[in-house]
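# Topology and contacts: notes
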Amino acid sequence: MKIGIIGAGNIGGNLTRRLTALGHDVSVANSRGPETLTELAKETGATPVRVEEAARGAEVVVVTIPLKAIPDLPTGVLDGAAPDVAVIDTGNYYPQRDGRIAAIEDEGLTESAWTARQLGHTVIKAFNGTYAQDILDRPLPAGTPDRQALPVAGDDEQAKAKVRALIDELGFDTVDAGPLADSWHQQPGTPVYGLRAGATEVTKALSEASPERPADFRG
């Protein structure tokens, strides 16, 4: 598949490494420009591009930048993507870093619903509670008893299926965490956040989440 990655930090960089190794055509962008991605491109074979070009022709776009940077993305950043593009949001709201976002704290929007509103396109929430190094170190073949599972939430069932298949290819099981309105079950401070466990444990952890935002994650 043609995949665009916006953000080349820990998650974005390691997804670039794994997805190129699996044979996908990956374009990667960051806020500092393609010239700063020379080493990653040399290591992986990914194509460094400007943010405005990352989604061009992409069947999957991964947005993996701080929430505070989402509104600063170029207008129409997803223009030119494939008509059925699946947009993965890996982000989390950390008020100490992002500043207070009233729509999340006062209106009760989930973090990914807020991101979808900014992008003007629905998203699939995945990888937000995953340790970046695990993307490199913990993949296992399907059916392996100790295979780690990741929760995946979203409203577009076709896009969700595409993302879940891609995560399976990366070496992880998935658990359907429901629509974006329920994605608070996997936000920071919930039992599943950062959990390294299989599908049964992940499903249980999702069910144990509280909708009340922990004090540490309020602005």
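It should be noted that the structure appears before, not after, this text.
Counting restarts for each chain, with residues numbered from 1 along the sequence as it is written. With pLDDT at 70 or above as the cut-off, local features in this predicted model cover only qualifying residues; side-chain atom pairs require 80 or more to be listed or tallied, and sums for whole chains, interfaces and linings still use all residues. With hydrogens and water stripped out, all remaining heavy atoms of the structure feed into the side-chain values.

### Observations concerning the overall build of the protein
When helices and strands are tallied, the protein shows 8 helices and 8 strands. Radius of gyration here uses only the C-alpha atoms, and the compact-globule reference equals 2.2 Å multiplied by the residue count raised to the power 0.38. In terms of C-alpha radius of gyration, the protein reaches 16 Å, essentially the compact-globule figure of 17 Å for 219 residues. For the protein, the share of sequence-separated contacts (at least 6 apart) that also reach a separation of at least 24 residues comes to 68%. Surface accessibility in these figures is a Shrake-Rupley result with a 1.4 Å probe; residues are shielded only by whichever protein chains are displayed. For the protein, the exposed area adds up to about 9,700 Å²; of that, 49% sits on carbon and sulfur atoms. The positive count covers Lys and Arg only, the negative count covers Asp and Glu only, and His and the chain ends enter neither. Taken as the charge location is NZ of Lys, CZ of Arg, CG of Asp or CD of Glu. The distance from the centre of the 21 positive side-chain charges to the centre of the 31 negative ones in the protein is 3 Å. Where helices and strands are cited, they refer to DSSP runs of H or I of at least four residues and of E of at least two residues respectively, numbered from the N terminus. Contacts are assigned to residue pairs that have any heavy atoms within 4.5 Å of one another.

### Things to note about the sheet that holds strand β1 (residues 2–6)
Adjacent strands of a sheet form backbone hydrogen bonds with each other and so pair up, either parallel or antiparallel. Strand pairing requires that DSSP identify at least two bridges connecting the strands. The strand order across the open sheet built from 8 strands is β3-β2-β1-β4-β5-β6-β7-β8, with neighbouring strands paired in mixed fashion. Looking at strand neighbours, the two that pair on one side only are β3 (47–48) and β8 (173–176), the edges of this open sheet. Examined bridge by bridge, strand β2 (residues 25–29) and β3 share 2 bridges and lie parallel to one another. Bridge pairing in β3 places Val28 opposite Pro48.

### Examining the pairing of β1
Only protein chains enter the accessibility calculation, which uses a 1.4 Å probe. A residue is then buried if its area is under 20% of the maximum for its type, exposed if over 50%, and partly exposed in between. Counting buried positions along β1 gives 4 out of 5 residues, so the element sits mostly inside the fold. Here 5 bridges tie β1 to β2, and the two strands are oriented parallel to one another. Bridge pairing links Lys2 to Asp25 in β2. Here the term right-handed applies to a crossover when the path leading from its first strand over the helix to its second strand runs clockwise, the strands being oriented away from the viewer. The parallel pair β1 and β2 is bridged by helix α1 (residues 10–21), and the resulting crossover is right-handed. Judged from the 4 bridges that link them, β1 and strand β4 (residues 60–63) form a sheet pairing that is parallel. Directly across from Ile3, in β4, lies its bridge partner Val60.

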